[in-house]
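The residues making up each chain are set out below.
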Amino acid sequence: MLKQRALLGACLTAGLLSSPLYADTLRISIMGEPASLDPHKISGTWENDVAGDLFEGLITEAADGERIPGVAESWEISDDGTVYTFTLREDARWSDGEPVTAEDFVFAFRRILTPATAADYAYLLYPVKNAEAVYSEGADPETLGIEALDAHTLQITLERSTPYFLDQLSHYTAYPVPRHVVEEHGDAWSRPGNMVSNGPFALQRWQSQTRIEAVRNEHFHSHDDVALERVIYFPIEERNTALNRFRAGEIDVARDFPTQQYDWLQDNLPEATQTAPFLGIYYFVVNSRDGHPTADPRVREALSLATRREVITEQILGTGEEPAYSFVPPGVSHYQPQQPEWVELSQDERMSRASELMQDAGYGPDNPLELMLRYNTSEDHRRVSIALGAMWEPLGVEVDLYNSEVAVHYADLRQGDFDVGRAGWIGDYNDAQNFLSLLESGVANNYGAYSNPEFDSLMVEASETQDLDERGEIMAQAERLALDDAAVLPIYYYVSRNLVNPSLQGWENNIEDIHRSRWVSFED
Amino acid sequence: MLYYVGKRLLQAIPTLLIVITVSFFLMHMAPGGPFDGERQLPAEIEANLLATYHLDQPVWKQYLLYMGNLLQGDFGPSFRYKDFTVTELIMQGFPVSLELGLWAIGLALLIGLPMGIVAAIRRNSTVDYMVMGTALAGVAVPNFVIAPLLALVFGVLLAWLPVGGWNDGHWRNMVLPVVALSIQQIAYIARMMRASMIEVLGSQYIRTARAKGLAEYEVIWGHALRPALLPVVSYLGPAIAGIITGSVVIEQIFGIPGIGRYFVQGALNRDYTLVMGTVVFYGALIVLINLIVDLLYSALDPQIRYDH
Amino acid sequence: MTTEPTPTTLPFDGNSAGESLAGDAWRRLKQNRAATFSLFLLGLIAIACVAGPWLTPWGLNEVDWNAFTAPPSIADGHYAGTDANGRDLLTRTLYGGQISLSVALVATLVSLVIGVLYGAIAGYMGGRVDNLMMRFVDIMYSLPFMFLVILLMVVFGRNILLIYAAIGAVEWLDMSRIVRGQTLALKRREFVEAAHALGVKSTTIVTRHLIPNTLGPVIVYVTLTVPKVILLESFLSFLGLGVQEPMTSWGVLISEGKDMMQSAPWMLLVPSAFLAITLLCLNFLGDGLRDALDPKTR
């Protein structure tokens, strides 16, 4: 498959794409300007694109997203699953030649969890013993469950056995930071000129809003296997600009493209257009708080029944998204996908059932239901929201659309000032718990304030279960409860969208859409 | 002259004060805050962040604090771009915007003035209609349509020029954005030049000059041009403001790291310090430009003297 | 702002002579073919925008589930194609015209009222008051206007009329300078002095004698402000700060269409054509009016 693509690609390259200027430079458009390159101060996927090339964690990602050993050479896990002992590579070096030691990891973990660092994403490390206490209760960072036994032996103690912990160690929140540099420069350590990193590439230049340049790190342990000499990241928010620059051969990889152009791309750049299932759910929150019509499960179910997801995925988006009837995306490990029982019904049957439910709830053509639907500014969200309004109209629902920027949107969702609201969740790691925890009572990101004690107790039970498959089954039970309650309105499972120069080798689509530059090269 | 400049600069102080105050309170009135995002921060961390940036204080206190820092030339840290201060961001972006803007205004004058003059001389002829029709096409289409159209035609389809990026100001990267940015101003300048030229050509002293039997080009170059330029010169202030506005669009479409993008993104991200920094900077810039334009005006118009 | 326009006629009171002035201007405007044709086209567009949405076979927010991003087709009744949500583009464009035009009119009207009153008062009072009032205008000129508009949009985003009233409230500066210049020149003329001598109140002089006589340049300026505001509206739409669904405007439609210029060109062309024709017509009309009202170009 790969070979075939490359062959066709060669033909295409001659025609549509001018070949790259230097075959050892990769030019990527990322979706926005990074807020920082300090792995403790970032939270966006586009920042991950850069940080993941600059740093390497204990565990790292292969080309296909599989987890492979990174700085850690080997490890042992205690029988109760709470103590991890890692042996670090002797040849791991920072880009200034200093060795990467267990101390650097200890320093990094303590730093990201120190409240003064104000790391958005530190909670991902909560499985580590005392992490939550340090982060949000002001406990002494020294009490954190991480210890350097010697320069190349690291021991991490967890609160409780956490099956997905190794996966999580490849996340940027678990990257080491160079203690010697951070202590010298303070918060300015991640700026060009100061920055030292341990990954396959090292930062060379960062001109805000236009380009970030990284060069191959000669001190990286496997630098001989890295084909590229240089990676240039262009932050481009306008997807159409990225598309145009890709077409003009100015960039080799565009990390997203506009959905509306998909048909055109399939006709004109079929070899470059890559879509693949992506670990994320696009959904609408329905407000379960008292006083909102959507607090009535019948209304929620009726809305869900009337939502023609196939129309949205095929007509409105059409980039290969899968219609979603469940909250946990397919492809999650140790988990069986769930569905509400009405999925088997035809659209007409669904509509008549929806009308009945609405009538039972006291709504109908003579007593229309007015709903406040919020979405954040984006072409796709706008179009999906409009379609929802049109689909619900036959039920006698009148939708008022409210559009705002991201910051305002989520603030409004949290305050509960909506009936139906756009939301999305990209899995932080490949585990159902990361999704289902959004529906637990009192969780910050449970925007709709869905609350079901039975669901909560199942989730607690799952977290205490060691056997992965048994744990998965308990969580599936919980999800079925939530689906019966129509707790949220799933619309579709995300797909990743990339434009990739066909002469690029080693690019593999994967469910987390993680692509590290060390694995790719241009064919000769 | 120096006295006049000094006086004008002193008068700029209340102007800037108004600019700062209005935008400060507007920004803080906007719903949402700089740390509201897709994922909720733990309450302790949010409190911590707010305290770090003094956002937990009453707004009037924040205002005083901001003014205090500003007087010391400190624009503060950017809330969003954590690796840079606002001053650094402005200093990175401004040279880019300035270069782009100067080329654009230069091009607009270079093309707009002759167009206006020719149209005025050949008033109501086919030439006039053609020239003004072309110029007007520039105002009839928003520049956010012209810019991607140029990128598509010259960048993608013909592949003559880069589609985007700045590339440290390489001329090839500058052509399309400069053209896109100047098109609207070409139209305005051409129309203004035409109108004022027509007015001057109809005036008494041009009739006198003609009556004296001067050659037509002498009448136009020697007598009419200078007074006819006056309205255009006084339009330069608004023109530059227009270019700044346009650059917000152009920078976004062509991916140019100028200052206009910072403002828009700052406003959308509620990056208070970045927004304030760009507003103050531009406020000062516009004051300065207006001063320069007025001085230029006095140099051209013998009736105005600023010395007394 | 640069040359102080001289008053155009020597009217004694607002009425009989004013009519002949208007009649004279009208006669000369009619000789200008470009301007009359523009006026005609503008009328046509205005009527189409008001009446059109009722006449087209599709409703404003009606979704044609069989035609997403469909090219123009007579058979389906989508004479200008559909948008990416399957809604009829012609209906939306005409409706968007209502919004764009009324938004422009509101903003212009606000700027007209403030600018004319402010300018007339400054010019009539003269002296220190005039000086002070004009200093204020100078200060306003130095504001980074566009930035303030964006901030206003961020703060009051949902209420479009309020926003455009606010834009009008900032757009009045040029207007006030023009009117002041006119007033300064006019107030030394005999008919104003006569009114003074007869003991007519100041407010009456300003509203009955001065303002009507500044109308010429003001009308010209209005025809130039309307396109400015329409463009401003489209600029804000591009930034995502335009009017909200389910309403639409030309600016919103164009900024949706610009991304589809290659795959669905009608989405860009149809609203752009309406916008471009309107702007061109307004500009031609403005030029024509200037020529018709200005005695020096006779």
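Keep in mind the model is a prediction, meaning the values are calculated, not measured. Residue positions are given per chain, counting from 1 as you read along its sequence in written order. Just so you know, chain letters begin at A and ligand numbers begin at 1, following the order they were written in. Two thresholds apply to this predicted model, a pLDDT of at least 70 for residue-level local features and 80 or more for giving and counting side-chain atom pairs, whereas whole-chain, interface and lining totals are computed over all residues. Where side-chain values are given, they derive from all heavy atoms of the structure, hydrogens and water being excluded.

### Section: the overall build of chain C
Quick reminder of the rule: Where helices and strands are cited, they refer to DSSP runs of H or I of at least four residues and of E of at least two residues respectively, numbered from the N terminus. Buried means the residue's accessible area, taken with a 1.4 Å probe over protein chains only, is under 20% of the maximum for its type, while exposed means over 50%, and partly exposed covers the values in between. Note on contacts: a residue pair is in contact if any heavy atoms of the two residues lie within 4.5 Å. Method for areas: the Shrake-Rupley scheme with a 1.4 Å probe, in which residue coverage is limited to the protein chains shown.
Of the regular secondary structure elements, chain C holds 11 helices and 0 strands. Counting helices and strands in the order they occur from the N terminus, chain C gives α-α-α-α-α-α-α-α-α-α-α. Within chain C, buried positions represent 57% of all 298 residues. Look at the contacts in chain C between residues 6 or more apart in sequence, and 71% of them connect residues 24 or more apart. Counting only carbon and sulfur atoms, one obtains 67% of the accessible surface of chain C, whose full area is about 12300 Å².

### Topic: the interface of chain A and chain C
So the rule is basically this: Once two parts are put together, the accessible area they lose, assessed with a 1.4 Å probe and summed over both, is termed the buried area. In the sections that follow, a salt bridge refers to a side-chain nitrogen of Lys or Arg positioned within 4 Å of a carboxyl oxygen of Asp or Glu. Any pair of N or O atoms that falls within 3.5 Å is considered a polar contact. Within protein, one atom must be able to donate a hydrogen and the other to accept it, and sequence-neighbouring residues count only if both atoms are side-chain atoms. Under the scheme applied here, ten amino acids are nonpolar (Ala, Val, Leu, Ile, Met, Phe, Trp, Tyr, Cys and Pro), four are charged (Asp, Glu, Lys and Arg), and all others, including Gly, are polar.
Each side of the interface is counted separately: chain A has 22 residues, and chain C has 16 residues. When chain A packs against chain C, close to 1900 Å² is buried across both sides, 49% of that on carbon and sulfur atoms. Taken together, chain A and chain C are joined by 1 salt bridge. Close ionic contact of Glu256(C) with Arg382(A) constitutes a salt bridge, the shortest N to O distance being 3.1 Å. Inspection of the chain A/chain C interface yields 9 residue pairs in polar contact (both at pLDDT 80 or more). Counting residues per element, the ones that place at least two in the side of chain A that touches chain C are helix H7 (239–247), helix H10 (309–317), helix H12 (379–392) and strand E15 (397–404) of chain A. For the side of chain A that touches chain C, the leading source of residues is H12(A), giving 7 residues. Residue classes in the side of chain A that touches chain C are distributed as 10 nonpolar, 5 polar and 7 charged.

### Re the UniProt feature "transmembrane region" (unreviewed entry) in chain C
To be explicit about the condition: UniProt positions are given in the numbering used here, feature names are shortened, and annotations may be inferred rather than shown by experiment.
Within this structure's numbering, the places UniProt gives as "transmembrane region" (unreviewed entry) are residues 34–55, 99–124, 145–167 and 264–285 of chain C. Between the first and last C-alpha atoms of residues 99–124 of chain C the distance is 37 Å; the span itself is 100% helix and 0% strand.

### Here's the deal with the pairing of strand E1 (residues 25–30) of chain A
Residue and element names in this part refer to chain A. To keep things clear, this is the line we draw: Should DSSP find at least two bridges between two strands, the strands are regarded as paired.
With 6 of 6 residues buried, E1 is to be regarded as a mostly interior element. Here E1 runs beside strand E10 (residues 230–235); their pairing, made up of 6 bridges, is parallel. Within the sheet, the bridge partner assigned to isoleucine 28 lies in E10 and is tyrosine 233.

### Some thoughts on the sheet that holds strand E4 (residues 72–77) of chain A
Residue and element names in this part refer to chain A. Stated formally: Only the contacting stretch of a helix is used when fitting its axis, a line to C-alpha atoms as for every element, and angles between N-to-C directions run 0 to 180 degrees.
If you trace the 4 strands from one edge of the open sheet to the other, you get E4-E5-E7-E6, paired in antiparallel fashion. Across the chains shown, the open sheet's two edge strands, defined by having one partner strand only, are E4 and strand E6 (146–150). Recorded for the sheet is a direction-independent mean angle of 20° between the axes of neighbouring strands. With respect to the sheet, helix H3 (residues 102–113) is in contact with strand E5 (83–88), E6 and strand E7 (153–157), its orientation differing from that of E6 by roughly 170°.

### Brief notes about the UniProt feature "transmembrane region" (unreviewed entry) in chain B
Residues and elements named next belong to chain B. Following the UniProt record, one finds the feature "transmembrane region" (unreviewed entry) at residues 12–30, 100–121, 133–161, 173–190, 232–254 and 274–297. Between the end C-alpha atoms of residues 12–30 the distance is 27 Å, and the span holds 95% helix and 0% strand. The distance separating the terminal C-alpha atoms of residues 274–297 is 34 Å; by composition the span is 100% helix and 0% strand.

### Let's talk about the pattern of salt bridges
Two side chains carrying opposite charge are able to pair once their charged atoms lie near each other. Counting across every chain of the model gives 42 salt bridges over all chains. Taking the shortest distance from any N to any O, the salt bridge between Arg255(A) and Asp49(A) comes out at 3.0 Å. Taken together, the residues Arg255(A) in the loop between strand E11 (253–254) and helix H8 (262–268) and Asp49(A) in helix H2 (residues 45–54) connect sequence positions 206 residues apart. Judged on exposure class, the residue Arg255(A) and its partner Asp49(A) are both buried. Its salt-bridge partner being Asp294(B), residue Arg8(B) comes within 2.6 Å of it at the nearest N-O pair. Separated by 286 residues along the polypeptide, Arg8(B) in helix H1 (residues 2–29) and Asp294(B) in helix H11 (residues 272–300) bring together distant segments of the chain. According to the relative accessible area criterion, Asp294(B) is partly exposed, its value standing at 25%. Beyond isolated ion pairs, a larger network of salt bridges with shared partners links Arg205(A), Arg211(A), Glu213(A), Arg230(A) and Asp168(B).

### What about the interface of chain C and chain B?
Interface size, as often reported, equals the accessible area lost upon joining of the parts. Each partner contributes to the interface: chain C provides 42 residues, whereas chain B provides 53 residues. Carbon and sulfur atoms supply 75% of the area buried between chain C and chain B, which totals about 4100 Å² over both sides. On the chain C side of the interface with chain B, the three residues burying the most area are Phe147(C), Leu151(C) and Phe238(C), jointly 16% of the side's total. Taken together, the links from chain C to chain B amount to 0 salt bridges. For the pair chain C and chain B, the number of links is 1 residue pair in polar contact (both at pLDDT 80 or more).

### Examining the UniProt feature "domain: ABC transmembrane type-1" (unreviewed entry) in chain B
On the UniProt side, "domain: ABC transmembrane type-1" (unreviewed entry) is annotated at positions that read residues 94–297 of chain B here. Split by type, residues 94–297 of chain B is 85% helix and 0% strand. Its first and last C-alpha atoms lie 26 Å apart.

### Focus on the side chain of Asp431(A)
Residues and elements named next belong to chain A. In this fold, aspartate 431 is placed in the loop between strand E16 (420–426) and helix H14 (432–436). Reaching out from aspartate 431, the side chain makes a polar contact with the backbone nitrogen of glutamine 433 at a distance of 2.9 Å. Here the side chain of aspartate 431 touches arginine 471 through a polar contact of 3.0 Å, side chain to side chain. The contact partners of aspartate 431, leaving out residues within four places of it in the chain, are Tyr164, Val332, Arg471 and Met475.

### Details of the side chain of Glu56(A)
Residues and elements named next belong to chain A. Residue position: glutamate 56 is located in the loop between H2 and strand E2 (59–61). Polar contacts involving the side chain of glutamate 56 include one to the side chain of histidine 221, which spans 2.7 Å. A polar contact is formed between the side chain of glutamate 56 and the side chain of arginine 518, at a distance of 3.4 Å. Non-local contacts of glutamate 56, meaning those with residues more than four positions away in its chain, are made with Gly70, Val71, Tyr175, Pro176, Asn198, Gly199, Phe220, His221 and Arg518.

### Details of the confidence of the model for chain C
Residue and element names in this part refer to chain C. We apply this condition: Per-residue confidence from the predictor is given as pLDDT, running between 0 and 100.
When pLDDT is averaged along chain C, the result is 80, and 90% of the positions lie at 70 or above. For chain C, helix H1 (residues 16–31) is the element with the lowest average pLDDT, namely 67, and helix H10 (residues 250–257) is the one with the highest, namely 91. Predicted confidence is poor over residues 1–18, with pLDDT under 50, and the contacts of this stretch with residues over four places away or in other chains come to 24 contacts. Here the prediction assigns the complex a pTM of 0.86, and the interface score ipTM is 0.84.

### Section: helix H11 (residues 265–293) of chain C
Our working definition: In this analysis, the expected span of each helix is defined as 1.5 Å times one less than the number of residues it contains. The angle separating two fitted axes, one through the seven residues that finish at a residue and one through the seven that start at it, defines the bend at that residue.
With 29 residues, H11(C) ought to run about 42 Å at 1.5 Å a step, and its terminal C-alpha atoms sit 41 Å apart, in line with that. Of all the bends in H11(C), the greatest, near 25°, is centred on Ser272(C).

### A few points about the nonpolar core
Rules: Residues belong to one nonpolar core when they are buried, are Ala, Val, Leu, Ile, Met, Phe, Trp, Tyr or Cys, and are joined through side-chain atoms within 4.5 Å.
Residues Leu58(A), Phe86(A), Phe109(A), Leu154(A), Ile156(A), Leu169(A) and Ile150(C) are the most contacted members of the largest nonpolar core, which totals 247 residues. With 19 residues, helix H9 (residues 216–254) of chain B is the largest single contributor of residues to this core. If we ignore the near neighbours within four places in the chain, the residues touching Leu58(A) are Pro69(A), Gly70(A), Val71(A), Ala72(A), Phe86(A), Leu88(A), Phe105(A), Leu154(A), Ile156(A) and Leu169(A). Among the nonpolar cores identified, the runner-up in size contains 42 residues, and Val286(A), Tyr325(A), Val343(A) and Val397(A) belong to it.

### A closer look at the packing of aromatic side chains
Centre-to-centre distance and the angle between the planes together describe a pair of aromatic rings. Residue and element names in this part refer to chain B. Going by this rule: Under the pairing criterion, centres of Phe, Tyr and Trp rings, with the six-membered ring standing for Trp, must be within 6.5 Å; the plane angle then separates stacked pairs below 30 degrees from edge-to-face pairs above 60, leaving the rest tilted.
Applying the stated criterion across every chain, the model contains 39 aromatic pairs over all chains. With a centroid separation of 5.4 Å and 75° between ring planes, the pair formed by phenylalanine 24 and phenylalanine 25 is classed as edge-to-face. For phenylalanine 24, a relative accessible area of 3% translates into the label buried. For phenylalanine 25, a relative accessible area of 32% corresponds to the partly exposed category. Measuring from centroid to centroid gives 4.7 Å for phenylalanine 94 and phenylalanine 281, while their planes differ by 75°, and the two rings are edge-to-face. One end of the pair, phenylalanine 94, is in helix H4 (residues 86–121); the other, phenylalanine 281, is in helix H11, and 187 residues separate them in sequence.

### A word on a nonpolar patch on the surface
Residues and elements named next belong to chain C. Using the following cut-off: To count toward a patch, a residue needs a relative accessible area over 30% and no salt bridge; like charges are then connected within 9 Å, while nonpolar side chains (Val, Leu, Ile, Met, Phe, Trp, Tyr) are connected within 5 Å.
Residues Leu109, Val113, Ile114, Leu117, Ile121, Met125 and Val129 make up a contiguous nonpolar surface patch of roughly 580 Å² in combined accessible area. Among the elements that make up the nonpolar patch, the one with the highest residue count is helix H3 (residues 89–125) (6 residues). Structurally, the position occupied by methionine 125 is in helix H3.

### Side note on the environment of Leu186(C)
Residues and elements named next belong to chain C. Mapped onto the elements, leucine 186 comes out in helix H6 (residues 160–186). Residue leucine 186 is classed as buried on the basis of its relative accessible area, which comes to 1%. Placed 24 residues apart in sequence, leucine 186 and leucine 210 show a C-alpha to C-alpha distance of 7.0 Å.

### Re the pairing of strand E14 (residues 369–376) of chain A
All names here are of chain A. Threshold: Crossovers are described as right-handed under a simple rule: with the strands pointing away from the observer, the path leading from the first strand over the helix to the second runs clockwise.
The element E14 is extensively covered by neighbouring structure, given that 7 of its 8 residues are classed as buried. Across 8 bridges, the pairing between E14 and E15 is parallel. Of the residues in E15, the one forming a bridge with leucine 373 is leucine 401. Of the crossover connections in this fold, the one passing from E14 over H12 to the parallel E15 is right-handed. One ladder, built from 2 bridges, connects E14 with E16; its direction is parallel. Note that in E16 the partner of arginine 374 across the bridge is glycine 421.

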